[in-house]
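Take a look at the letters that make up each chain.
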Amino acid sequence: MKKQSIKTTKEEIVNYWFFEQLVDECGLSVDAAEAHERCWRCGYEHNLERCHIVPEALGGKDEPSNLVLLCHRCHLDNPNITDPEIMWDWIRAYGVPFYDTFWDLMGIKEYELIYNKSFYSELIDLGIKDPTEANELIKYYLPEIIKKVGHHYGHPYMNTATMAGVYRMIIKKIAKERNKELKDFRNIPHRPWYYPQDYQKNNT
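Caption draft 1: Layout of the overall build of the protein. Along the protein, the regular secondary structure elements total eight helices and two strands. Put simply, the protein runs from its N terminus to its C terminus through helices and strands in the order α-β-β-α-α-α-α-α-α-α. Taken along the three principal axes of its C-alpha coordinates, the protein extends 60 × 45 × 35 Å. Sorting the 204 residues of the protein into buried and exposed places 35% on the buried side. Counted over contacts in the protein with a minimum sequence separation of 6, partners at least 24 positions apart contribute 61%. When the accessible surface of the protein is summed, it comes to about 13,300 Å², and 52% of that surface belongs to carbon and sulfur atoms. Averaging the locations of the 26 positively and 31 negatively charged side chains of the protein gives two centres separated by 9 Å.

Okay, structure coming up:
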């Protein structure tokens, strides 16, 4: 079965959700004024794709009430399910307060999963307790570290694992320059990522 092209325009989608005030922009990664050019999930400025809330293959219609605007990267990740509330649950769950920070924050989240400790806790252990100083150090080291990483073929961005690696390289650089040893995370009991924390608490 040939996929039908979407006839609803991006302008109609933005007007429906934001200017008819059917969605509260508070807590989203995008403001109404820029909803036509920034992804509604990550907040980055990209060529936006019209994404079905209920997939066309599952009976979703080509109309503003069943469409949102996402970048290609987020479009690939969106939920394909018949319950329309889940799309908005997903978009809202990833809301960030500042533009162009989403994927950096996802890298920091990935860092904690890999190293069993948050990136900022690592900085505190290295004596960097002021958030302003931490951000300045990140800005200082980032240009040097970025030269040592790459993109997967065909992907014009760094994935979250690469971003986590960038942050680890920054931590290692700071530790070396301050003559401090990092704790070996491999010796720390690591809760499996797939094991629900609530169940672990109830069964210990």
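Caption draft 2: Inspection of the packing of aromatic side chains at higher detail. According to the stated counting rule, one finds 12 aromatic pairs in the structure shown. Measuring from ring centre to ring centre gives 6.3 Å for Trp-90 and Tyr-94, while their planes differ by 70°; the resulting arrangement is edge-to-face. Accessibility expressed as a relative area gives 13% for Trp-90, which makes it buried. With 4.8 Å between their ring centres and 85° between their planes, Phe-102 and Trp-103 make a pair best called edge-to-face.

Caption draft 3: Looking closely at the pattern of salt bridges. Considering all chains together, one arrives at nine salt bridges under this definition. Across the pair Lys-117 and Asp-125 runs a salt bridge, and its minimum N-O distance is 2.1 Å. A relative accessible area of 42% means that Asp-125 is categorised as partly exposed. The partner of Lys-148 in a salt bridge is Glu-144, with the nearest N and O atoms 4.0 Å apart. A relative accessible area of 30% places Glu-144 in the partly exposed class. Three or more residues are tied together by salt bridges with common partners; here these are Glu-34, Arg-38, Glu-45 and Asp-100.

Caption draft 4: Structural view of helix 7 (residues 160-177). An ideal rise of 1.5 Å per residue puts 26 Å on 18 residues; helix 7 measures up with 26 Å between its terminal C-alpha atoms. Here helix 7 has its buried residues at Thr-162, Met-163, Ala-164, Val-166, Tyr-167, Arg-168, Ile-170, Ile-171, Ile-174 and Ala-175. Once helix 7 finishes, Asn-179 follows within two positions and takes phi at roughly 55°, a positive value.

Caption draft 5: Representation of the environment of Ile-170. Within the secondary structure, Ile-170 is located in helix 7. Ile-170 sits 47 residues away from Leu-123 along the chain, and the two C-alpha atoms are 9.7 Å apart. Setting aside residues up to four positions removed in sequence, Ile-170 forms contacts with Phe-119, Ile-138, Tyr-141, Leu-142 and Ile-145.

Reading guide: rules and limits
- Residues numbered from 1 in each chain as written.
- Predicted model: local features only at pLDDT ≥ 70, side-chain atom pairs only at ≥ 80, totals over all residues.
- Heavy atoms only, no water.
- Helix = DSSP H or I, 4+ residues; strand = E, 2+ residues; numbered from the N terminus.
- Buried < 20%, exposed > 50% of the residue type's maximum accessible area, 1.4 Å probe, protein only.
- Contact = heavy atoms within 4.5 Å.
- Areas by Shrake-Rupley, 256 points an atom, 1.4 Å probe, with all protein chains shown as cover.
- Lys, Arg positive; Asp, Glu negative; His and termini not counted.
- Charge placed at Lys NZ, Arg CZ, Asp CG, Glu CD.
- Phe/Tyr/Trp six-rings, centres within 6.5 Å; stacked < 30°, edge-to-face > 60°.
- Salt bridge = Lys/Arg side-chain N within 4 Å of Asp/Glu carboxyl O.
- Expected span 1.5 Å × (residues − 1).

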